Amino acid sequence: MFEKVASWHHLRAPWREAKWLAIDIETNGLDAKGDAMLALAWVRIAPPRILQNQAEYRVVNTNLELTQSAVIHQLSLSDIAAGLPLEEVLAEFVKAAEGAIIVAHNAQFDTVVLQQALKQTGMKWQPDGVYCTLRAERRRLERQSQTLKPDSLTLAACRERYGFDAFSGHHALNDAIACAELFLAQAFRFSSGHHPNARSLLKEGR
Amino acid sequence: MVSDTNFYGSQGGFGMASISADTREFLANTPPFDSLSAELLQYAAEQMQAMYVCHDNRQDIMQPDSHQLYLVRSGAYDLVDKENQHLDRLEPGDLFGFPSLLTGRKITNKLQVIADGIIWIWPEGAFNELRRQSQAFERYFVNAHGQRLLAEQGKTQGADWSEKKIASVIDRKPIQISSTASIQSAAQLMSAERVSCLLVVDDQQLRGILTDRDLRNRVVAVGVSFDVSVAAVMTPMPAIIYARDSLFDALTVMGQANIHHLPVLDDNEIPIGVLTNTDLMQQQRSEPVLLINALFKANSREALVAEAAKIPDYLRSFASRVKDIGIVGRLLTSLTDGITRKLIRLYEQEQGSAPCTYVWLAFGSQARGDQTLGSDQDNALLLPDEITDGQRQWFAEVSVYVCEGLADCGIRLCPGNIMAMNPDLQKNRLEWREKFLKWIRSPTPKAIMHCMIFFDSRPVAGSHQLYRQHREEIAKLAKQDMFLANIARHIGELNVPLGLFNHFRTKSEGDFEYIDIKKQAVAILNDIVRLYSLAAGVTVPSTPARLEQLKSASSLSDKDNQNLLEAWQFLTGLRLTAQMYRNEDSKIPSNSVDPETLSTMQRRQLKAAFKVIKDAQHGVAFKFGRNM
């Protein structure tokens, strides 16, 4: 109950005062429901800053066999063996993400994997909101009546529109920071000239 | 020290954050972070925050009292002072904020946003910790703050042995004897001093050299009386070298003349030592020696041309191995000098010796010692006043032989016809004097341009004495206020490619942007140093040597002198590197660079070098232009 009140206030505060947390998850495959979480990265955004000095990246020690996606994110079996138990990683994350608004590119995928993993370990956590940089970008481009090509909404393609460099994709922490930068670019552009609260910004990325 | 738990300091207070590979890589490629150890780089990354900066929130950054170090990660910004005067254009890889960190002064500059982007930020505590832990990091910021970025190259430049001045390897005074002494007393002196050669000196002037070999071949073998004077058996007027020259130059002279002893003179022509080939052997053995020897063993024009054809490839591989690429310019100059002398000698072997004294003059880059592979010929002849028309014919012919020979050896004919084979440039001392006097008295733009070429001269072959007389004469003529003022004005009209906001001004050709390092920077810098040299009567041709002689002896302050030297070293190095590694099908002209292709450090240094030249341009206008 108190959480709901806090969340209500949170979302009605100016967006720059809200607690944003950019995340990225690497999994064993591309099926959010079936695959295991291999790595999780998160970084706090306190607009206009990205608190990279508090960024975290955790590899999960899973006993699942790696499928071909290991090639995509370059995690080796020994990296995974050196990882932490899922419970520990999630406990740390939940603490950091308490009362936060999640920011992710294609956020639905990350939240499904996350909820799946939480359920598996019997933990509970709900963000105050979820902002998807991919959806926000699609909304913005559609408003400009641009025709969208299939690959024009990748994280790299979206970033390029804001003049950001290429980045080494498919590493959870690089992706989380890249996503945080994209979020700030979208948010500052959206909020220019008025002072939206977190809620109206969230509508952009819903 | 890194294991010390206090090391990570309390200022961060966040413990060890995870570092993204992208962050680490960008930092590792950004000076001075590139000089940090892995542990310190990790520390720097852990202490860093990123900030998105756009027009709406630009006042969030650079708060008056929060001293922080800023690094542009993306976007573009202009740094302006409180009167909104533009100070600098900031682009990815650029650092700012450190002057306030170093001085503790209030921040008064502001940012204007050209393109939104990310700026990385370090708190004062982290900055100080990095400075405390890394000398290289500390030195970088102290230099950057003192606008002394060009001094940073010092650490990567080590003088190659062959670049050493001869003065530095001469360790004993020459053993000398008068020309009237007997052969026996000479032999006794050599024996007592345990030397293999004597310099024959009268009134401090070098007359000749006497070696063990001379005693064997010209005395004992022939049966000359030991009472005969040394003058009769010595080698008169031997090849010489100056103490200020490099070991390269010595190698060239010794290899070419096939001699083992080389008298060394100071700037006043007084003998100060003898360089032997043992001295050279004791220096590190190196490949230039082999190349030079091969050139001088060539016993025909064809053989020489065949050896010279190897030079470009050789230089490229040599350049990749030396620490200081500037040495390549010196080596190429030495080789050109050597080829010139060899051609003259080959001609003499076919057609007989020169009928009188003369000087083969080099101008321009060969004179200055900053030749590049693309440099063309700039040479001429200085002849004695008493020369006859018949004697002139010999020079008319040798000059064609040598200039065409040089061209076959890869040193292009001069499109402007500034070559010894041009009859107009085969002049005696009086005629040269007339020519210079005309330029100096009526300094038209064309005359100024000629002066720029002809005042950088050096004798490559022939009589050093004749050259010295000529050079001192024209140095006196040049000290004319009006003439100097005209040169100053000419220099003031040249464009340094640094625009408003400290931004590179590139030329573009199609899709290609470039800066001509030779025309737009090195040449202007050479012009400036030449002007100071003319005013001070300095006659050596190379820009670094001129600066050395201008120290505390002219209107150029020691600090400006040092700045010009460092800028010159940086620019000539950059130009040579660009030329050496130029892609065959590169669309940008040779001697040019595209600033986009440079490293962050090189871009910063290039800007610093342009700044030095711009400032010197203003200095020259102020000091010499007032006499207009």
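Treat the numbers as computed from the prediction; the structure is a model and nothing was measured. (Residues numbered from 1 in each chain as written. Chains lettered and ligands numbered in written order. Predicted model: local features only at pLDDT ≥ 70, side-chain atom pairs only at ≥ 80, totals over all residues.)

1. Brief notes about the overall build of chain A
- Secondary structure assignment for chain A yields nine helices and six strands.
- Restricting to contacts in chain A with at least 6 residues of sequence separation, those with at least 24 account for 69%. (Helix = DSSP H or I, 4+ residues; strand = E, 2+ residues; numbered from the N terminus. Contact = placed C-beta atoms within 7 Å.)

2. Some words on the sheet that holds strand 8 (residues 176-177) of chain B
All names here are of chain B.
- Spatial strand order, 8-9-10-11: four strands in an open sheet with mixed pairing. Edge positions in the open sheet fall to strand 8 and strand 11 (235-236), since each of these has one partner strand only.
- As paired elements, strand 8 and strand 9 (residues 197-202) share two bridges and run parallel to each other. Residue pairing for strand 9: I177 is matched across the bridge by V200. (Pairing = 2+ DSSP bridges.)

3. Remarks on the interface of chain A and chain B
- Taken together, the contact pairs 25 residues of chain A with 26 residues of chain B.
- At seven residues, helix 8 (residues 172-191) of chain A tops the list of elements feeding residues into the side of chain A that touches chain B.
- Judged from the two bridges that link them, strand 3 (residues 49-50) of chain A and strand 1 (residues 49-53) of chain B form a sheet pairing that is antiparallel. Bridged to I50 of chain A within strand 1 of chain B is A50 of chain B.

4. Quick look at the packing of helix 19 (residues 481-492) of chain B against helix 23 (residues 600-624) of chain B
Residues and elements named next belong to chain B.
- In the contact formed by helix 19 and helix 23, the axes pass within 9 Å of each other and the chain directions differ by 155°. Overall, the two elements helix 19 and helix 23 adopt an arrangement that is roughly antiparallel. For helix 19 against helix 23, the interelement crossing comes out left-handed. Contact residues: helix 19 offers L484, A485, A488, I491 and G492, while helix 23 offers Q617, V620, A621 and F624.
- Looking at the contact of helix 19 with helix 23 residue by residue, the class counts come to seven nonpolar, two polar and no charged. (Axes fitted to C-alpha atoms, helices over the stretch in contact; angles between N-to-C directions. Parallel < 35°, antiparallel > 145°, perpendicular 65-115°, else oblique. Left-handed = near helix turned anticlockwise from the far one by under 90°. Nonpolar A, V, L, I, M, F, W, Y, C, P; charged D, E, K, R; others polar.)

5. A few points about helix 5 (residues 135-145) of chain B
All names here are of chain B.
- Of all the positions in helix 5, only F137, Y140 and A144 are classed as buried. Along helix 5, the residues classed as buried sweep out an arc of 60° about the axis, all on the same side.
- Turning to helix 5, the residues buried within the fold contact helix 3 (98-103) and helix 4 (124-133). (Buried ≥ 20, exposed ≤ 12 C-beta atoms within 10 Å, placed from the backbone. Arc of directions from axis to C-beta.)

6. Comments concerning the environment of N128 of chain B
Residue and element names in this part refer to chain B.
- Tracing the backbone through its elements, the reader meets N128 in helix 4.
- Since 18 C-beta atoms lie within 10 Å of it, N128 is described here as partly exposed.
- Note: C-alpha distance between N128 and E138 (ten residues apart in sequence) is 8.8 Å.

7. Overview of the confidence of the model for chain B
All names here are of chain B.
- For chain B, per-residue confidence averages 84 on the pLDDT scale, and residues scoring 70 or more make up 88% of the total.
- The low-confidence segment residues 1-15, where pLDDT is below 50, has 15 contacts with residues more than four positions distant or belonging to other chains.
- Interface predicted TM-score (ipTM) for the complex: 0.88; the corresponding pTM is 0.62. (pLDDT = per-residue confidence, 0-100.)

8. Thoughts on the sheet that holds strand 6 (residues 110-115) of chain B
Residue and element names in this part refer to chain B.
- Strand order across the open sheet formed by three strands is 4-3-6, with antiparallel pairing between neighbours. Two strands close off the open sheet at either side, each with one partner strand: strand 4 (86-90) and strand 6. Pairwise comparison of adjacent strand axes, ignoring direction, gives a mean angle of 25° for this sheet.
- In this sheet, strand 6 lies alongside strand 3 (residues 76-80) in antiparallel orientation, the contact comprising five bridges. From the neighbouring strand, Y77 faces strand 6, where its bridge partner is V113.

9. Notes on the nonpolar core
- Among the nonpolar cores identified, the biggest contains 128 residues, and L525 and L531 of chain B are the most heavily contacted of them.
- Per-element tally for this core: the top contributor is helix 20 (residues 517-536) of chain B, with eleven residues.
- When residues are assigned to domains, this core turns out to be shared by domain 2 (166-282) and domain 3 (479-627) of chain B, each giving three or more.
- Not counting the four nearest positions on each side in its chain, L531 of chain B is found in contact with L484, I487, A488, I491, V620 and F624 of chain B.
- Listed in part, the 102 residues of the second largest apolar core include V113, A117 and F183 of chain A together with I61 of chain B. (Core = buried A, V, L, I, M, F, W, Y, C linked by C-beta atoms within 7 Å. Domains from an automatic or database assignment.)

10. A closer look at helix 1 (residues 21-28) of chain B
- For helix 1 of chain B, the full list of buried residues reads D22, T23, F26 and L27 of chain B. Mapping the buried residues of helix 1 of chain B onto a view down its axis gives an arc of 130°, with all of them on the same face.
- Contact partners of the buried residues in helix 1 of chain B: helix 8 of chain A together with helix 2 (38-46) of chain B.

11. Some details on unusual backbone geometry
- Backbone torsion omega between P47 of chain A and P48 of chain A reads 5°, so that peptide bond is classified as cis.
- Its location among the elements puts P48 of chain A in the loop between strand 2 (37-46) and strand 3.
- Here the amide bond leading from P31 of chain B into P32 of chain B is cis, since omega sits at 0°, within 30 degrees of zero.
- Mapping P32 of chain B onto the fold places it in the loop between helix 1 and helix 2.
- In this structure, N106 of chain A takes a positive phi of about 60° despite not being glycine.
- Mapped onto the fold, N106 of chain A is located in the loop between strand 5 (101-104) and helix 5 (107-121).

12. Things to note about the environment of G369 of chain B
Residue and element names in this part refer to chain B.
- Looking at the secondary structure, you find G369 in the loop between helix 14 (364-368) and strand 16 (379-383).
- Between the C-alpha atom of G369 and that of L332, which follows or precedes it by 37 residues, the distance is 8.2 Å.
- Leaving out residues up to four positions away in the same chain, G369 has contacts with G329, R330, T333 and S542.

13. Remarks on the pairing of strand 2 (residues 68-72) of chain B
Residue and element names in this part refer to chain B.
- Of all five residues making up strand 2, five are buried, and the element is well covered by its neighbours.
- Burial of strand 2 is two-sided: the residues Q68, Y70 and V72 facing one way and the residues L69 and L71 facing the other way are all buried.
- Strand direction decides the pairing type here: strand 2 and strand 7 (residues 117-123), joined by five bridges, are antiparallel. What sits directly across from Q68, in strand 7, is P123.
- Summarising the sheet, strand 2 and strand 5 (residues 95-96) pair through two bridges and their orientation is antiparallel. Residue pairing across strands places Y70 opposite F96, the latter belonging to strand 5.

14. Some details on the packing of helix 22 (residues 558-580) of chain B against helix 23 of chain B
Residue and element names in this part refer to chain B.
- Between helix 22 and helix 23, the least distance of the axes is 9 Å, while the angle of their chain directions is 135°. The angle between the axes of helix 22 and helix 23 places the two elements in the oblique class. Handedness of the crossing formed by helix 22 with helix 23: left-handed. Contacts between helix 22 and helix 23 involve D560, N563, L564, A567, F570, L571 and L574 on the former and, on the latter, Q602, Q605, L606, A609, V612, I613, A616 and G619.

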